[in-house]
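Reading the structure
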Amino acid sequence: MAQSVAGPEIERLIQLLARLPGLGPRSARRAALHLIKKRETLLNPLSDAMRVANERIVVCSSCGNVDTSDPCTICRDHRRDASILVVVEDVSDLWALERSGAINALYHVLGGVLSPLDGVRPEHLNLDRLVERASRPGVVEVILALSATVDGQTTAHYVTDLLSHLPVKVTKLAHGVPVGGELDYLDEGTLSAAIRQRTAF
Ligand code: ZN
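All figures in this text were calculated on a predicted structure; none of them were measured in a lab.

Description of the overall build of the protein chain
- Tallying secondary structure elements over the protein chain gives 8 helices and 6 strands in all.
- Going residue by residue from the N terminus, the α and β elements of the protein chain occur as α-α-α-β-β-α-β-α-β-α-β-α-β-α.
- By the compact-globule yardstick of 17 Å for 201 residues, the protein chain is too spread out, its C-alpha radius of gyration being 22 Å.
- Taken along the three principal axes of its C-alpha coordinates, the protein chain extends 60 × 45 × 35 Å.
- The buried share of the protein chain, taken over its 201 residues, is 30%.
- Summarising the internal contacts of the protein chain: among those between residues at least 6 apart in sequence, 47% fall at separations of at least 24.
- Carbon and sulfur atoms make up 58% of the accessible area of the protein chain, which totals about 13700 Å².
- In the protein chain, 22 positive and 24 negative side-chain charges are present, and the distance between their average locations comes to 6 Å.

Shown next, in the form of structure tokens:
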């Protein structure tokens, strides 16, 4: 086993940083050293920001987003088109859609996708609340913005059945050629989906 180069407090910082997505043990060590060197301008403000965020984080009881208020900033925003609900697997997908600026609607975070292999069943997902929200007067469309994986598409079918008795249009994301993508680099599944879902020019 490698010998520690620092005291247990610093080793603990490194171990915790190494648990972050995208950071291995080496980069965690580098990040820790960087934080220590920039104590005044980075480590102190970062630890303050983390403490404040940790104290205030709540899960929105309406959509399942994480924020520092309940209902969340998105649910409270009256400029959004409340007739459309965009269903996503995780908060990271909500953030990605918001970054894209593609749609100015409300969201619903499922908290996962159905996965028989991982033991994720309907009762583990935020589905009752979705049916309740989709039943509200004024909601006309539910967009299933779920991954193009087997589990994502299984979940999309399940949710479509669940909402079939409601007077809402259920739509899903198009699958196709990525913006800036070259055809000969695409996998066969994406290419055939793009052909099947072709649109008029
Ligand atoms: Zn919300």
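Concerning the pattern of salt bridges
- Scanning the entire structure with this criterion turns up 9 salt bridges.
- Across the pair Arg-80 and Asp-77 runs a salt bridge whose closest N-O atoms are separated by 3.4 Å. The pair formed by Arg-80 and Asp-77 is uniform in burial state, with each residue classed as buried.
- Among the charged side chains, a salt-bridge network with shared partners connects Asp-77, Arg-79, Arg-80 and Glu-98.

Focus: the domain arrangement of the protein chain
- Per the domain assignment, the segments making up the protein chain are domain 1 (8-56) and domain 2 (80-172).
- If you average the C-alpha positions of domain 1 and of domain 2, the two centres end up 34 Å apart.

Some details on the packing of helix α1 (residues 8-17) against helix α2 (residues 25-37)
- Contact pair α1 / α2: the axes reach a minimum separation of 8 Å and the direction vectors enclose 125°. In terms of orientation, α1 and α2 fall into the oblique class. Note that α1 runs across α2; the crossing there is right-handed. Residues Ile-10, Glu-11, Leu-13, Ile-14 and Leu-17 of α1 touch α2, and the partners they reach there are Ala-28, Arg-29, Ala-31, Ala-32, Leu-35 and Ile-36.
- Grouping the amino acids of the contact of α1 with α2 by side-chain chemistry returns 9 nonpolar, no polar and 2 charged.

A word on empty space enclosed by the protein
- Inspection of the entire model under this criterion finds 1 cavity of 30 Å³ or more.
- Taken as a whole, the largest cavity holds about 30 Å³ of empty space.
- Together, Leu-144, Leu-146, Gln-153, Ala-156, Lys-172, Leu-173 and His-175 line the largest cavity.
- Of the residues belonging to the lining of the largest cavity, the class tally is 4 nonpolar, 2 polar and 1 charged.

Here we look at the UniProt feature "domain: Toprim" (unreviewed entry) in the protein chain
- In the numbering used here, UniProt assigns the feature "domain: Toprim" (unreviewed entry) to residues 83-178.
- The distance from the first to the last C-alpha atom of residues 83-178 is 28 Å, and the span holds 32% helix and 20% strand.

Considerations on the layout of surface pockets
- In this structure, the largest pocket spans a volume of roughly 260 Å³.
- Taken together, Leu-13, Leu-16, Leu-17, Leu-20, Leu-35, Leu-43, Leu-46, Ser-47 and Met-50 make up the lining of the largest pocket.
- Sorting the residues of the lining of the largest pocket by element identifies α1 and α3 (39-56) as the ones contributing at least two each.
- Here the lining of the largest pocket takes 4 residues from α3, the largest share from any one element.

Describing the sheet that holds strand β4 (residues 105-109)
- Strand order across the open sheet formed by 4 strands is β4-β3-β5-β6, with parallel pairing between neighbours. The sheet is open, and its two edges are formed by β4 and β6 (169-172), each paired on a single side. Mean inter-strand twist for the sheet, computed between neighbouring axes without regard to direction, equals 25°.
- Here strand β3 (residues 81-88) pairs with strand β5 (residues 141-144) via 4 bridges, running parallel. What sits directly across from Val-87, in β5, is Leu-144.
- Against the sheet, helix α5 (residues 91-100) touches β3 and β4, its axis set at about 160° to β4.

About the thresholds
- Per chain, residue numbering runs from 1 following the sequence as it is written.
- In keeping with the model being predicted, local features are shown solely for residues with a pLDDT of at least 70 and side-chain atom pairs are shown and tallied solely at 80 or more, while totals for entire chains, interfaces and linings include all residues.
- Calculation of side-chain values draws on the structure's entire complement of heavy atoms; hydrogens and water are dropped beforehand.
- Numbering of helices and strands runs from the N terminus; a helix is a DSSP stretch of H or I covering at least four residues, while a strand is a stretch of E covering at least two.
- C-alpha atoms define the radius of gyration, and 2.2 Å times the number of residues to the power 0.38 defines the globule rule.
- Relative accessible area decides the class of each residue, using a 1.4 Å probe on protein chains only: under 20% of the type maximum gives buried, over 50% gives exposed, and in between gives partly exposed.
- For this analysis, residues touch if any pair of their heavy atoms sits within 4.5 Å.
- The protein chains shown are the only cover counted for residues, whose accessible areas, like all others here, come from Shrake-Rupley with a 1.4 Å probe.
- Charge assignment in this entry is limited to Lys and Arg as positive and Asp and Glu as negative, and neither His nor the chain termini are counted.
- A charged residue contributes its charge at one atom only: NZ of Lys, CZ of Arg, CG of Asp or CD of Glu.
- Here, a salt bridge means any side-chain nitrogen of Lys or Arg that lies within 4 Å of a carboxyl oxygen of Asp or Glu.
- Where a domain begins and ends is set by an automatic assignment or by a domain database.
- An axis is simply a line fitted to the C-alpha atoms; with a helix, the fit covers only the stretch in contact. Between two such axes, the angle follows the N-to-C directions and lies from 0 to 180 degrees.
- Under this scheme an angle from 65 to 115 degrees is roughly perpendicular, one under 35 degrees roughly parallel, and one over 145 degrees roughly antiparallel; angles in between are oblique.
- What makes a crossing left-handed is the near helix being turned counterclockwise from the far one by less than a right angle; a clockwise turn instead makes it right-handed.
- Amino acids are sorted into nonpolar (Ala, Val, Leu, Ile, Met, Phe, Trp, Tyr, Cys and Pro), charged (Asp, Glu, Lys and Arg) and polar (every other residue, Gly among them).
- Using a 1 Å grid laid over the protein atoms alone, points where a 1.4 Å probe fits but cannot get out form a cavity; open sets with protein on both sides within 12 Å along at least 5 of 7 lines form a pocket; any residue with an atom within 4 Å of a point counts as lining.
- Grid points are joined across faces, edges and corners, and a volume is the space filled by probe spheres set on the points.
- UniProt positions are given in the numbering used here, feature names are shortened, and annotations may be inferred rather than shown by experiment.
- Two strands are said to pair when DSSP picks up at least two bridges between them.

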